[in-house]
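# Chain and residue survey
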Amino acid sequence: MRGGGDGGLTFAGLVLHNIGTRKLRLAFASTAVAIGVMTVVTFTVVKHSLHETALGIMQTGRADFTISQRGVSDLLDSTIDQATLASIAADRDVAAATGVLIGTTRLTADNPLFLEFGIRAADLDAFGVRIVAGRPFADDSANQLLLGWRAAANLRKHVGDTIAVDGHPFHVVGIFSTGQALGDAGTMLPLVPFQAAQRQPGGLTLVFVRARPGADLGTLRARIEHDHPQLVTVRTAADFGRADRSLALINAADRGSTVLAVLIGAVVVMTTMTLTFIERTREFGVLAAIGWSSPRIARMVIGEALAIGLLGAAGGVVLSFAATQVIGQLPSLVGILHPVYTATAFWRALLAAGSMSLLGGIAPAVRAARLSPLEALRHE
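Residues numbered from 1 in each chain as written. Predicted model: local features only at pLDDT ≥ 70, side-chain atom pairs only at ≥ 80, totals over all residues. Heavy atoms only, no water.

### Here we look at the overall build of the protein
Counting its secondary structure elements, the protein contains 14 helices and 12 strands. The proportion of buried residues among the 380 residues of the protein is 48%. When the accessible area of the protein is evaluated, it comes to approximately 17,800 Å², of which 61% is carbon and sulfur surface. (Helix = DSSP H or I, 4+ residues; strand = E, 2+ residues; numbered from the N terminus. Buried < 20%, exposed > 50% of the residue type's maximum accessible area, 1.4 Å probe, protein only. Areas by Shrake-Rupley, 256 points an atom, 1.4 Å probe, with all protein chains shown as cover.)

### A word on the pattern of salt bridges
Taken as a whole, this structure holds four salt bridges when the rule is applied. Measuring nitrogen to oxygen at the nearest pair gives 3.9 Å for the salt bridge that ties Arg70 to Glu225. Of this pair, Arg70 sits in the loop between β1 (65–69) and β2 (80–81) while Glu225 is found in helix α8 (residues 217–227), placing the two residues 155 residues apart along the sequence. Through salt bridges that share partners, Asp91, Asp93 and Arg223 make up one connected network. (Salt bridge = Lys/Arg side-chain N within 4 Å of Asp/Glu carboxyl O.)

### Brief notes about the nonpolar core
Ranked by internal contacts, the top residues of the largest apolar core, which has 39 residues, are Val37, Val41, Phe284, Trp292, Met300 and Met356. When residues of this core are traced back to their parent elements, those giving at least two are α1 (11–20), α2 (23–58), α10 (245–279), α11 (281–289), α12 (294–328) and α13 (343–370). No other element matches the 10 residues that α12 contributes to this core. If you look at the next biggest cluster of nonpolar residues, it comprises 30 residues, including Val94, Ala97, Leu204 and Val207. (Core = buried A, V, L, I, M, F, W, Y, C linked by side-chain atoms within 4.5 Å.)

### Considering the pairing of strand β6 (residues 144–148)
Regular strands place side chains that alternate from one sheet face to the opposite one. Most of β6 is tucked away, with five of its five residues classed as buried. Side-chain alternation along β6 places Gln144, Leu146 and Gly148 on one buried face and Leu145 and Leu147 on a second face that is also buried. Here β6 runs beside strand β8 (residues 168–177); their pairing, made up of five bridges, is parallel. Paired with Leu145 across the bridge in β8 is Val172. Relative to strand β9 (residues 187–190), β6 is paired through two bridges, and the arrangement is antiparallel. What sits directly across from Leu147, in β9, is Thr187. (Pairing = 2+ DSSP bridges.)

### A word on the confidence of the model for the protein
Parts of the prediction with low pLDDT should not have their coordinates interpreted in detail. This prediction gives the protein a mean pLDDT of 82; 86% of its residues lie at or above 70. Within the model, pLDDT remains below 50 along residues 1–7, and this stretch shows 16 contacts once partners closer than five positions in the same chain are excluded. (pLDDT = per-residue confidence, 0-100. Contact = heavy atoms within 4.5 Å.)

### Quick notes on unusual backbone geometry
Phi at Arg156 is positive, roughly 55°, even though this residue is not glycine. When you line up the elements, Arg156 lands in the loop between α5 (149–155) and β7 (162–165). Unlike most non-glycine residues, Asp166 shows phi in positive territory, near 55°. Examined against the element boundaries, Asp166 turns out to sit in the loop between β7 and β8. What makes Asp166 exposed here is its relative accessible area of 51%.

### Focus on the pairing of strand β3 (residues 94–105)
Most of β3 sits inside the fold, with 10 of its 12 residues counted as buried. Bridge analysis of β3 against strand β11 (residues 206–211) gives six bridges, and the strand direction is antiparallel. For Ala96, the partnering residue across the bridge sits in β11 and is Arg210. As judged from the five bridges shared by β3 and strand β4 (residues 114–119), these two strands associate in the antiparallel manner.

### Some details on the side chain of Thr84
Relative to the assigned elements, Thr84 resides in helix α3 (residues 82–89). For Thr84, the side chain forms a polar contact with the side chain of Asp81, separated by 2.7 Å. If sequence neighbours within four positions are ignored, Thr84 has contacts with His228, Gln230 and Leu231. (Polar contact = N/O pair within 3.5 Å; in protein donor to acceptor, adjacent residues only side chain to side chain.)

### A word on the packing of α1 against α12
With their axes 9 Å apart at the nearest point, α1 and α12 run at an angle of 60° to one another. Here α1 is positioned oblique relative to α12, judged by the angle of their axes. In this structure, the crossing between α1 and α12 has a hand that is right-handed. Facing Phe11, Leu14, Val15, Leu16, Asn18 and Ile19 of α1, the residues of α12 in contact are Arg296, Arg299, Met300, Gly303, Glu304 and Ala307. In terms of residue class, the contact of α1 with α12 is made up of seven nonpolar, two polar and three charged. (Axes fitted to C-alpha atoms, helices over the stretch in contact; angles between N-to-C directions. Parallel < 35°, antiparallel > 145°, perpendicular 65-115°, else oblique. Left-handed = near helix turned anticlockwise from the far one by under 90°. Nonpolar A, V, L, I, M, F, W, Y, C, P; charged D, E, K, R; others polar.)

### Examining the packing of α12 against α13
It is the contact of α12 with α13, at a shortest axis distance of 7 Å, that shows an interaxial angle of 150°. Comparing their axes, α13 and α12 come out roughly antiparallel. Where α12 crosses over α13, the two elements pack in a sense that is right-handed. Split by residue class, the contact of α12 with α13 holds 19 nonpolar, five polar and no charged.

### So, the environment of Arg25
Tracing the backbone through its elements, the reader meets Arg25 in helix α2. Sequence separation between Arg25 and Thr272 is 247 residues, and the spatial gap between their C-alpha atoms is 6.8 Å.

Below, the structure written as structure tokens:
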């Protein structure tokens, strides 16, 4: 589509020409949008990564759902005692309840968050552990362990080798597979000796529950939580916030940062477009005088705002790549944060940039559309 007075430019070409003639203002507005988009995308990627890590731990066992202490600051801070495990296992709808003590250690520079699962040998099968080489450990052994096949491959260890964990030498008596990447990158140790080493005699981190065939999971979960109000059952990623406050806080921070980023970006875009409106008042009057309709003038202003937003979205995604690399090197997140840029992250980038542009461009667009040619031509 071509418009009168636009020198042969298409409507889109005119929009791009208009924003390109004010390069400094374009750079300022698009940078503000880019920073907002970077914040939104980075939070999305970090949240997704931490959820996937937590979900990986929860799904290591072959279970219908997992039980954790309610409202802990970190999933691995959950504490459940043996008496509670026995009570859960005695429920008529529970086929198996496996208690596991989970710890982490810095094994090597390439394995800064090495997962350790303390478990009874008799529970390995119920937990979904398949021995692919060697044999299970002895329950009373303080120097035997099983390595996940991924960990064994990464560390180049085989059955019969020795490995130092927490400064203590262990014999690798078997290699296992759980079918879950995070679990297969860790180790399993005899429960009681591991509890002693962790100074948590009788303590467990999580309980993995398999229900009897035909049991109603919702009813079973509700009954367990009623009988043990200090516990919470977790089945999906949406349940994490009930068990782990840090993930709930991350979700809240993600929502809050998105709203704040959109508002700040919208204010910057609106300021830029308002200044542009003031400078181009006579131009808008001329366009109206030669036959441009009010909606078309408004579309041009909104189009310019959206072009700024699109440019900012592209810059924000690039900045987010750099930001997540920096965040991933923080000591508290090394080995935990594995950035994955999902389609959701890119859609949120476009949505945030579009929201900033539309919110920031509406007021200037309305002013430009309502401007009369006579009033505009009198403007100095």
